[in-house]
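Breakdown of the fold
Read off the chains here:
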Amino acid sequence: MRGMDKKLKILTYGCQMNVADSERMAGLLKKIGYTLTEDADAADLILINTCCVRATAEDKVFGQIGRFKALKREKPSLILGVTGCMAQKEGANLIKRAPHVDFVLGTGQNSEVARVVQSLERERKHFVDVSNISGEIPSEVFPLRVGKVSTFVPIMYGCNNFCTYCIVPYVRGRERSRRPEEIFAEIRQAVAEGFKEITLLGQNVNSYSGGMSFAELLTAVDKISCVERLRFMTSHPKDLSDELIAAIAGGKNICEHIHLPVQYGSDKILQRMNRVYTVEKYLRLVEKIRAAIPNVSLTTDLIVGFPGETEENFQDTLEFLRTVKFDAAFTFIYSKRSGTPAATFDDQIDDETKHRRLEELMKVQNAISLEKNLALINSVVEVLVEGASKTDEKIFTGRTRSNKIVLFTHGVEQAGELVNVKISHAQTWLLKGAVQDYGGSR
């Protein structure tokens, strides 16, 4: 364990921010001799980076922790750590529930992971630190990035919005923004490593406050050499400015895709969620975006079964979907999170009603998504090649600038290349076609 040939297995649950956090922790652990492995049985250190946005995410984590109990028994030298949002929420209770866990680090302590692991290598004892939730962001990062084509670069952490259903402000802390020069340096390093597509991350990127507006930051990153595609997520509708719309419309490599979570299509429920905008205001924003960026792809998040939701509210949401016509929507059943205001609301919705409404919602949205994709048949789209399909090595996959998945028969294309694909088939979640020619770098 004291040499430089130690194996690290990381399991990451949850959002893109957790993926980025895992890469940063892997980079720090690499500096003290750990290399990544996919084989948990071969690992000297197992790190579980957790999510607690929904109850199902927590259940998965507890199940995984339980499965490692036997491995710990067989291999006493194994170090097992839990990090991320669930670690922040549960703290020492995690070790009380699962004593075979060696350490728990909250979301503000990721930069301490190497120091903690080195301490545990010398002396095995339980360690818990969930302090510093809104502390300073480390200026130096050493991400060990996964993949070859696309990567995430966090520009800010935390959230100040306090939507009544959401645990994020309580486990990620208040908003803190990174300095622009640190962001630029990290992006240049990612480009030097061969990454073609950069996604700027934040719980609400629109409220970035690192000395310039988010629109200014986006424009500056767009000018960095060899960034061939630039994306961002996630946007809060209340903060999406005219300046940002103009930046996207006028950008060279900024992709024409905006993920704009609406969460619901009824003012009554939006108010109870503390979303601080109305359906009318959201619709005006959509009109403004589509007027400035005619080929934009709009995606969203939607929650059904929120406390107090009536059948009328739900039907209003279905009509809202038919009006906006999102390219895609990520749909969720409301999950009661202890510590949030909505968990205390008296008028909770029963599970049967939640599941019925979710099915209806998905049926409406899936029809819209298919209609949008069918309209692309016989068009030629630029695709950034990601690599072979998981199910067939002869089929390659990639994404359009509008973030649509495209499958095509593999020829001479390589991951990271830009190719033009003529669309011949359309499904709800993906497109299929054939390569026409190269659209960009090789």
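Scope of this entry: the structure provided in the associated data block. (Residues numbered from 1 in each chain as written. Predicted model: local features only at pLDDT ≥ 70, side-chain atom pairs only at ≥ 80, totals over all residues. Heavy atoms only, no water.)

What to know about the pattern of salt bridges
Rules: For this analysis, a salt bridge means a side-chain nitrogen from Lys or Arg found within 4 Å of a carboxyl oxygen belonging to Asp or Glu. Secondary structure elements are defined from DSSP: runs of H or I of at least 4 residues count as helices, runs of E of at least 2 residues count as strands, and each element is numbered from the N terminus. Buried, partly exposed and exposed residues are distinguished by accessible area as a fraction of the type maximum, computed with a 1.4 Å probe on protein chains only: under 20%, between the cut-offs, and over 50%, respectively.
Enumeration over the complete set of coordinates arrives at 32 salt bridges. Salt-bridge contacts for Asp21 lead to Arg172; the nearest nitrogen and oxygen are separated by 2.9 Å. Of this pair, Asp21 sits in helix α1 (residues 16-30) while Arg172 sits in helix α6 (residues 168-172); the two residues are 151 residues apart in sequence, bridging distant segments of the chain. With respect to burial, Asp21 and Arg172 carry one shared label: buried. Several salt bridges share partner residues, and in doing so they unite Glu23, Arg24, Arg145, Arg178 and Glu186 into one network.

Things to note about the sheet that holds strand β1 (residues 6-12)
Counted only if it meets this: Pairing between strands is defined by DSSP: at least two bridges between the two strands are required. Helix axes are fitted to C-alpha atoms over the stretch in contact, other axes to C-alpha atoms as well, and angles between N-to-C directions run from 0 to 180 degrees. By the convention used here, residues are in contact when the closest approach between their heavy atoms is within 4.5 Å.
The strand order across the open sheet formed by six strands is β2-β1-β3-β4-β5-β6, and the pairing between neighbours is parallel. Only two strands of the sheet have a single neighbouring strand rather than two, namely β2 (34-36) and β6 (127-129). Neighbour-to-neighbour, the strand axes of the sheet open up by a mean angle of 25°, direction not taken into account. Across three bridges, the pairing between β1 and β2 is parallel. If you follow Lys7 over to β2, its bridge partner there is Thr35. Contacting β1, β2, β3 (45-50) and β4 (79-84), α1 crosses the sheet at an angle of about 155° to β3. Where helix α5 (residues 113-122) meets the sheet, its contacts fall on β1, β2, β3, β4, β5 (103-105) and β6, and the angle it forms with β5 comes to roughly 170°.

Examining the state of the cysteines
For clarity, the threshold we go by: We call a pair of cysteine sulfur atoms a disulfide whenever their separation is within 2.5 Å.
In the structure shown here, the tally under the stated rule is zero disulfides. Between Cys15, a free cysteine, and Cys85, which holds the nearest cysteine sulfur, the sulfur-to-sulfur gap is 6.3 Å. In this structure Cys255 is a free cysteine whose sulfur lies 16 Å from that of Cys226, the closest cysteine sulfur available. Owing to a relative accessible area of 2%, Cys255 belongs among the buried residues under this scheme.

Points about the side chain of Asp129
To keep things clear, this is the line we draw: This count recognises Lys and Arg as positive and Asp and Glu as negative, with His and chain-terminal groups excluded.
Take Asp129: it is sitting in strand β6. As a buried residue without a salt bridge, Asp129 has its nearest oppositely charged side chain in Arg115, at a separation of 5.2 Å. Those residues in contact with Asp129 that lie beyond four places of it in its chain are Val104, Leu105, Gly106 and Gln109.

Remarks on the pairing of strand β14 (residues 328-333)
Our working definition: A right-handed crossover is one whose linking path, passing over the helix from the first strand to the second, runs clockwise when the strands point away from the viewer.
Where strand β13 (residues 297-304) meets β14, six bridges bridge the pair, whose relative direction is parallel. Bridge pairing in β14 links Leu302 to Thr331. Tracing the backbone out of β13, into helix α12 (residues 311-324) and back to the parallel element β14 gives a crossover that is right-handed.

Some details on the pairing of β13
Where burial is concerned, most of β13 is hidden: eight out of the eight residues are buried. Because side chains alternate across β13, one face comprises the buried residues Ser297, Thr299, Asp301 and Ile303, and the other comprises Leu298, Thr300, Leu302 and Val304, equally buried. With three bridges connecting them, strand β12 (residues 257-259) and β13 associate as parallel partners. In the sheet register, Ile258 faces β13, and the bridge partner there is Leu298.

Structural notes on the sheet that holds strand β10 (residues 197-201)
Pairing is parallel in the open sheet, where three strands are placed in the order β7-β10-β11. Strands at the two margins of the open sheet, each flanked by one partner only, are β7 (150-154) and β11 (229-233). Averaged over all neighbouring strand pairs, the angle between strand axes comes to 25°, with direction disregarded. Direction of pairing for β7 relative to β10: parallel, over a ladder of five bridges. Residue pairing across strands places Phe152 opposite Thr199, the latter belonging to β10.

Worth remembering: the numbers are spatial, not functional.
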